[in-house]
Amino acid sequence: MNTRHFMQRNFRHFNAAACRDAAEGWVKHLQAGNKMLVTLAGAMSTAELGISLAEMIRADKVHGICCTGANLEEDIFNLVAHNHYKRIPNYRYLTTEDEKILLDHGLNRVTDTCIPEEEAMRKIESHLLRLWQKADLSNQRFFPYEYTYQLLESGILKDEYQIDPKDSWVIAAWQKGLKIFTPGWEDSTLGNMFVSQVIKGNISDTNIMKSGLEQMQMLVKWYQENTQNGSLGFFQIGGGIAGDFPICVVPLIQQDLKLPCKLWGYFAQISDSTTSYGSYSGAVPNEKITWGKLDIDTPSYVIESDATIVAPLIFNYVLES
């Protein structure tokens, strides 16, 4: 029994039913000739969501990505340093002394997984520094994802891959030429490293990195181009800026630019945020109607569950359709 048949037979109620409905809604959205944006918050790349997400990108089920800077970089960290990662199944029982030992060994913990400082972070920093300096010397400016694509295009990492490159969602996005929007990129390891290189004088100006405002400008153009002959769907994993940034492009176009614009044609979110706490991340789809983002008949789904479990199931359901 494949994933689709399994979910149709077993996922009948509560969050399971919402999961199945969101997957089927995605299928119908694409079958109608529409496209899909996926947003990634949290530590999805370190959770190796790339194994299933990369396949979705290759199969043309995903047409754009908006993610945190952490998700952009951590997919590449895992690509070149996977064998040096350390998994800690009993992370809930670590003492403060245990955590200090991990720090002393250059292991940065994300829940049950430690990212190695030297083998992952510093290795990628050294490669990107050369690209940043090249742009600096030639008075060029690029988005964060464009520097990552330049790194992949250079081939310098090829001999250092420690996972199958087919399991890297960033490689899949690079090969498909997808745009990756990373609002708040400075809130990432490489963002911090970039600023340090400017302060140290190894890069003359922060402006070689295009800003979040310029990313929004690019998003406006991208949204308009991709909704000319259909609509765009919005599949949100987690909350935060990765989701809040791109969904605002519709009211920007309609209300601020005063231009005709289609609303998002599909919305689904895998969330553990609680609405009553006043969080934007936990806002139910109906609230987005009042902000001019969704329509009253937009297919909308909220799955209150663990994205590391739910997202691969939905991806496989869509791939099998």
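Before any of the text, the structure's been laid out above.
Residues numbered from 1 in each chain as written. Predicted model: local features only at pLDDT ≥ 70, side-chain atom pairs only at ≥ 80, totals over all residues. Heavy atoms only, no water.

Draft legend 1. Local environment of the pattern of salt bridges. Evaluation of the coordinates by the stated rule reveals eleven salt bridges. The partner of Arg122 in a salt bridge is Glu117, with the nearest N and O atoms 3.0 Å apart. For Glu125, the salt bridge is made with Arg122, and the minimal N-O distance between the two is 3.0 Å. In this pair, Glu125 and Arg122 are both assigned in helix 6 (residues 117-137), three residues apart and thus about one turn of the helix distant. Residue classification places Arg122 among the partly exposed residues on the basis of a relative accessible area of 35%. (Salt bridge = Lys/Arg side-chain N within 4 Å of Asp/Glu carboxyl O. Helix = DSSP H or I, 4+ residues; strand = E, 2+ residues; numbered from the N terminus. Buried < 20%, exposed > 50% of the residue type's maximum accessible area, 1.4 Å probe, protein only.)

Draft legend 2. Representation of unusual backbone geometry within the structure. Phi is positive for Phe14, close to 55 degrees, though the residue is something other than glycine. Mapped onto the fold, Phe14 is located in helix 2 (residues 14-31). Overall, Phe14 belongs to the exposed group, its relative accessible area being 77%. Residue Lys258 is not a glycine yet carries a positive backbone phi of 60 degrees. Lys258 sits in the exposed class, given a relative accessible area of 65%.

Draft legend 3. Local environment of helix 10 (residues 212-226). For helix 10, spanning 15 residues, the distance from its first C-alpha to its last is 20 Å, which sits close to the expected 21 Å at 1.5 Å a residue. Taken residue by residue, helix 10 has Gln215, Met216, Met218, Leu219, Val220, Trp222, Tyr223 and Asn226 as its buried positions. (Expected span 1.5 Å × (residues − 1).)

Draft legend 4. Layout of the packing of aromatic side chains. Summed over the entire model, instances satisfying the criterion amount to 14 aromatic pairs. On the basis of an interplanar angle of 20 degrees and a centroid distance of 5.8 Å, the ring pair of Phe234 and Phe267 is categorised as stacked. Here Phe267 lies in strand 8 (residues 266-271) and Phe234 lies in strand 7 (residues 232-237), a separation of 33 residues in the sequence. The pair Phe234 / Phe267 is uniform in exposure class, with both members buried. Ring geometry for Phe235 and Phe315: centres 6.2 Å apart, planes at 50 degrees, overall tilted. A residue pair is termed long-range when its members are at least 10 positions apart, and Phe235 in strand 7 and Phe315 in helix 14 (residues 307-319) qualify at 80 residues. Using a relative accessible area of 0% as the deciding quantity, one classes Phe235 as buried. Judged by its relative accessible area of 0%, Phe315 is buried. (Phe/Tyr/Trp six-rings, centres within 6.5 Å; stacked < 30°, edge-to-face > 60°.)

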